[in-house]
Each structure stands twice: as C-alpha cells, then as structure tokens.
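# Structural description and commentary
The chain contents come next:
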Amino acid sequence: MNNQHARVLTVMTIAMMILSLGVGPALAEKKKHKEKSEEELGFRSESLYSEEKEKPAHGEYSKTEPGKSRRIERAFENSPPLIPHDLTGMLPIAETNNACLNCHMPEHAKSLGATPLPKSHFTDLVTGMDLKGKLDGHRYPCMECHVPQVNIPEPIKNTFKADFRKKESRTSSDLLESLNEGVKTE
Ligand code: HEC
Ligand code: HEC
C-alpha cells in the first residue's frame, strides 16, 4: 500500500466512525418515534379529508338580556370588548337597521347602563378627522370586531396573559388618546 492509499483509507475510516456515531443514534431515534398518520395530526381525531364525522364543539351563547349580563374583562389593552348579552332579535345588522345603535349610541347608553360607543368610532382613523358625532361607516358592522362568547373547553389551552398598564384598561378603552403614543408629529 502506498502512502496515498493509506491516507484515503484513514480518511474513510474516520468518516465511517463519525457516521456510525452520528447516524446510528438518529436511526434508533426514528424507530422509537413511530411516524404519525394524517389522522393523528392536529387535535381532531378524524381524517383531514372528512368533514362529516368531526363536528366542531358548539356551546350556548349568553341568554342573559342586556342590562342583566356582566361585562367580560378585556382580552388586552384596547381590544374590542366581547359581547356579554343575548342577541336575540338584533341580528342581522342591516343597512337600514342596526339594533346595537339603539342602546350603544352615547345619547342612549348612559340611561340604559350600556357602554357608550367610544370616540374612536366617531373618528375617521385614516385622516384623523373628528366626525362630530357621526358614526364612521367602517364601524357600522359591529360584529366584524365584537363577538359573543360560549362556554366550552378550549381545544388548546391559551396561555396568553395580557399586561394592562392601567387598572381601568381592564374594563374600558382609550384608543384615541393612546393611538399616537410615542409618535412625534411635526
Ligand atoms: C337593549 C339594549 C342593547 C342592545 C340592543 C345591545 N346592547 Fe350591547 N350592551 C347593553 C348593555 C346594557 C350592556 C352592559 C352589560 C349589561 O348590563 O348587560 C352591553 C354590553 C355590550 C358590550 C360589552 C361592553 C363592555 O364594556 O365590555 C358589547 C361589546 C356590546 N354590548 C355590543 C353590542 C352589539 C354588537 C350589539 C348589537 C348586535 C348590542 N350590544 C346590542 C345593551 C344593549
Ligand atoms: C373595525 C372593528 C370595530 C367595529 C366594526 C366596531 N368596533 Fe367597537 N371597538 C373596537 C375596538 C378595537 C375597541 C377598543 C378600542 C377603542 O375604543 O376603539 C372598541 C370599543 C368599543 C366599545 C367600548 C368602549 C369603551 O369605552 O370601553 C363599545 C361599547 C363598542 N366598541 C361598541 C361597538 C358597536 C355597538 C359597534 C357597531 C355600531 C362597534 N363597536 C363597531 C372595534 C370595532
């Protein structure tokens, strides 16, 4: 064997040692963890191609009438509050009929114990223009952002914890006052 052959052999031996050290345990690992079938993926037990058997869990929406329900703590600072009360007879919100406004417009809200629409809903947030008490058109379909809740177990536990800088932010919003926080305007 000449020198060059000996060197190639040494390199190959080292390479084999490295491979047997690295790949060996990896292969064993693969055998231990059986591959998952599609049915086992995710948190639903059915095939991803079948919609018939797996019914999404449904709960009951609140049946407590407005005025008697309890406000739900805000999910995070200036998040859209969740709807705590029954919505029977109020939906759908139509172009010429929005029942939510009957109670939530500031002029009615106070006497009814409802939370008045905030200033942000009477402001054009694109231009910053104060609409002087006229509701911004983008806010008309309330349930694009505000939703009711049902009491069902979460399929995946939500560990998100909101940080409220002020105690009041847990139950009320001040978006318009805080929107430009940290932004320098000329
Ligand atoms: C008959 C009056 C009435 C109507 C109509 C009404 N609400 Fe309410 N709403 C209330 C009252 C009163 C509260 C406060 C909780 C309570 O006392 O039940 C409230 C609470 C809320 C809250 C929670 C506010 C907070 O500070 O946490 C949201 C969001 C809300 N309503 C959205 C709506 C939407 C959206 C509609 C239309 C689909 C609607 N409401 C229709 C009276 C009403
Ligand atoms: C585009 C999303 C969006 C739409 C549409 C919308 N809201 Fe809101 N709403 C929010 C957000 C975000 C907040 C919290 C930040 C703020 O005050 O703007 C809020 C806050 C509120 C509050 C709490 C005010 C306070 O002082 O704490 C009420 C009540 C409310 N909205 C009712 C309504 C009703 C009723 C409608 C329909 C007429 C509506 N909103 C439409 C996003 C929306």
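Structure's up top.
Residues numbered from 1 in each chain as written. Chains lettered and ligands numbered in written order. Predicted model: local features only at pLDDT ≥ 70, side-chain atom pairs only at ≥ 80, totals over all residues. Heavy atoms only, no water.

Gaps left between atoms show up when a probe the size of a water molecule is rolled over them. Size it by volume and the largest pocket reaches roughly 1200 Å³. Lining the largest pocket we find 49 residues, and of these Pro81, His104, Thr115, Leu117 and His146 sit closest to its centre. Sorting elements by how many residues they give to the lining of the largest pocket places helix α2 (residues 99–104) first, with 5 residues. Broken down by class, the residue content of the lining of the largest pocket amounts to 25 nonpolar, 15 polar and 9 charged. Reported here for the second largest pocket is a volume of approximately 390 Å³. Lining the second largest pocket we find Ile72, Glu73, Arg74, Ala75, Leu82, Gln149, Val150, Asn151, Glu154, Ile156, Asn158 and Phe160. The residue makeup of the lining of the second largest pocket, split by class, is 6 nonpolar, 3 polar and 3 charged. (1 Å grid on protein atoms, 1.4 Å probe; cavity = no way out; pocket = protein on both sides within 12 Å on 5 of 7 lines; lining within 4 Å. Points joined across faces, edges and corners; volume = space filled by probe spheres on them. Helix = DSSP H or I, 4+ residues; strand = E, 2+ residues; numbered from the N terminus. Nonpolar A, V, L, I, M, F, W, Y, C, P; charged D, E, K, R; others polar.)

As a matter of local geometry, ligand 2 sits amid 25 residues, with Ser120, His121, Cys142, Cys145 and His146 nearest to it. Between ligand 2 and Ser120 there is a distance of 2.5 Å, counted from an oxygen atom to a side-chain nitrogen or oxygen. Of the pockets mapped on this structure, ligand 2 occupies the largest pocket. Grouping the amino acids of the shell around ligand 2 by side-chain chemistry returns 12 nonpolar, 11 polar and 2 charged. (Near = heavy atom within 4 Å. Polar contact = N/O pair within 3.5 Å; in protein donor to acceptor, adjacent residues only side chain to side chain. Sits in = over half its atoms within 2 Å of the grid points.)

Turning next to the coordination of the iron atom of ligand 2. Six octahedral donors around a metal ideally make angles of 90 or 180 degrees; four tetrahedral donors ideally make 109.5 degrees. At the metal site, the iron atom of ligand 2 is ligated by His121 (NE2) and His146 (NE2), and these contacts range over 2.0 to 2.1 Å. Its 6 donor atoms give the iron atom of ligand 2 angles of 86 to 178° at the centre, a pattern that matches the octahedral case. Of this pair, His121 sits in the loop between α3 (106–112) and β1 (123–124) while His146 is found in the loop between β2 (129–130) and α4 (175–178), placing the two residues 25 residues apart along the sequence. Across this residue pair, the class does not change: His121 and His146 are buried. (Donors = N, O, S within 2.8 Å, 3.2 Å for Na, K, Ca; no water. Tetrahedral: all angles 85-135°; square planar, octahedral: opposite > 155°, others 65-115°. Buried < 20%, exposed > 50% of the residue type's maximum accessible area, 1.4 Å probe, protein only.)

Donor atoms from the polypeptide that coordinate the iron atom of ligand 1 comprise His85 (NE2) and His104 (NE2), at 2.0 to 2.1 Å from the metal. For the iron atom of ligand 1, the 6 donor atoms in the first shell make angles of 87 to 179° at the metal, so the coordination geometry reads as octahedral. Of this pair, His85 sits in the loop between α1 (3–32) and α2 while His104 is found in helix α2, placing the two residues 19 residues apart along the sequence. Taking the relative accessible area as the measure of exposure, His85 reaches 14% and is therefore buried. The class for His104 is partly exposed, based on a relative accessible area of 24%.

This part takes up the site of ligand 1. Contacts to ligand 1 come from 24 residues, most closely from Ser69, His85, Cys100, Cys103 and His104. Ser69 places a polar side-chain atom, nitrogen or oxygen, 2.5 Å from an oxygen atom of ligand 1. The cavity where ligand 1 resides is the largest pocket. The biggest single contributor to the shell around ligand 1 is α2, with 4 residues. Class assignment of the residues belonging to the shell around ligand 1 gives a composition of 14 nonpolar, 7 polar and 3 charged.

Attention now moves to the environment of Glu46. Counting through the fold element by element, Glu46 comes out in the loop between α1 and α2. Assessed through its relative accessible area of 21%, Glu46 is described here as partly exposed. In this view, Glu46 contacts Glu39, Lys53 and Glu54; residues no more than four positions away in its chain are not counted. (Contact = heavy atoms within 4.5 Å.)

Bringing the nonpolar core into the picture now. Residues Leu101, Met105, Leu117, Phe122 and Leu135 constitute the largest nonpolar core, which totals 5 residues. Residues within four places of Leu101 in sequence aside, it is in contact with His108, Leu117, Leu135 and Tyr140. (Core = buried A, V, L, I, M, F, W, Y, C linked by side-chain atoms within 4.5 Å.)

Now for the environment of Pro148. If you trace the backbone, Pro148 turns up in the loop between β2 and α4. Separated by 64 residues in the primary sequence, Pro148 and Pro84 place their C-alpha atoms 6.2 Å from one another. What Pro148 contacts, discounting residues up to four positions off in sequence, is Tyr61, Ile83, Leu87 and Met143.

None of this, on its own, says anything about what the molecule does.
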